[in-house]
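Overview (structure and organization)
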Amino acid sequence: VQLQAFGGGLVQAGGYLRLSCAPSGRTFSNNAVGWFRQAPGKEREFVAAISWSGGSTYYTDSVKGRFTISRDNAKNTVYLQMNSLKPEDTANYYCAADRQLWGPVQVDPRTYDYWGQGTEVTVSS
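To start, this report covers the structure provided alongside it. In every chain, residue numbers begin from 1 and rise along the written sequence. Per-residue local features of the predicted model are confined to residues with pLDDT of at least 70, and side-chain atom pairs are confined, for both listing and counting, to 80 or more; whole-chain, interface and lining totals are unaffected and use all residues. Values shown for side chains rest on all heavy atoms present in the structure; no hydrogens or waters enter the calculation.

1. Thoughts on the side chain of N31
Under the scheme used here, helices are H or I runs from DSSP no shorter than 4 residues and strands are E runs no shorter than 2 residues, and both carry numbers assigned from the N terminus. Secondary-structure assignment places N31 in strand β4 (residues 31-38). Distance and chemistry together define a polar contact, namely a pair of N or O atoms within 3.5 Å, with one atom able to donate a hydrogen and the other to accept it when in protein, and with adjacent residues in sequence counting only for side-chain atoms on both sides. Polar side-chain contacts of N31 include one of 2.7 Å to the backbone oxygen of D98. By definition in these notes, contact holds between two residues if any of their heavy atoms fall within 4.5 Å. Residues in contact with N31, not counting those within four places in the same chain, are R26, W52, R71, D98, R99, Q100 and L101.

2. Considering the pattern of salt bridges
Whenever Lys or Arg places a side-chain nitrogen within 4 Å of a carboxyl oxygen from Asp or Glu, that contact is recorded as a salt bridge. Using the criterion set out here, one finds six salt bridges in the structure. Residue K64 pairs with D61 through a salt bridge whose shortest N-O separation is 3.0 Å. Burial here depends on accessible area, computed with a 1.4 Å probe over protein chains only, as a share of the maximum for the residue type. Under 20% is buried, over 50% is exposed, and the range in between is partly exposed. The class of D61 is exposed, set by a relative accessible area of 62%. The closest approach of N and O atoms between R110 and D108, which form a salt bridge, is 2.7 Å. Judged by relative accessible area, R110 falls into the exposed class, the value being 73%. Overall, D108 belongs to the partly exposed group, its relative accessible area being 26%. Among the charged side chains, a network of salt bridges with common partners joins R37, E45, R66 and D89.

3. What about the sheet that holds strand β7 (residues 67-72)?
Whether two strands pair comes down to DSSP finding at least two bridges between them. An order of β1-β3-β8-β7 is seen for the four strands of this open sheet, with the pairing classed as antiparallel. With one partner strand each, in any of the chains shown, β1 (2-6) and β7 form the two edges of the open sheet. Between one strand and the next, the sheet's axes are offset by a mean angle of 20 degrees, whatever the strand orientation. Relative to strand β8 (residues 77-82), β7 runs antiparallel, the two sharing six bridges. Looking across to β8, one finds that T68 is bridged to Q81. Angles here are taken between N-to-C directions and fall from 0 to 180 degrees, while the axes themselves are lines fitted to C-alpha atoms, restricted in helices to the stretch in contact.

4. Some details on the side chain of S51
Summarising the element assignment, S51 is placed in the loop between β5 (45-50) and β6 (57-59). When its relative accessible area of 6% is taken as the criterion, S51 is described as buried. A polar contact of 3.3 Å, which involves the side chain of S51, links it to the backbone nitrogen of G55. Leave out the neighbours within four places in its chain, and S51 touches A32, S56, R71, G103 and V105.

5. Quick word on the environment of T27
Inspection of the secondary structure puts T27 in the loop between β3 (17-24) and β4. Linking T27 and P109, residues 82 residues apart in sequence, is a C-alpha distance of 20 Å. Polar side-chain contacts of T27 include one of 3.1 Å to the side chain of S29. In terms of polar contacts, T27 uses its side chain to reach the side chain of N76, at 3.1 Å.

Printed below as a string of structure tokens:
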């Protein structure tokens, strides 16, 4: 399963972006989905995740109150709304899906089976 993440770009600090993630060739409406990011020279880190139903979400502390993960299963798309962006949010953002059906929210990237190619977010100061 290939995931496509898009919506990245260059934005000034304090600005906003909305990332989208969708699979090609199949639905992931029954799968938990997560967003991760990797800045140059740093390890990939968890950002946010959402359960298959959308009823449960989880965020890393640094984005709480600024980022919102949501999904529209009718459109087979998961979103990451990013507000009040900071230069330290600059990274390549990846979406990932858990192969397990109707599974819980997952934080550990090792639990995800399908990954997108990433979309770059640059926040200027």
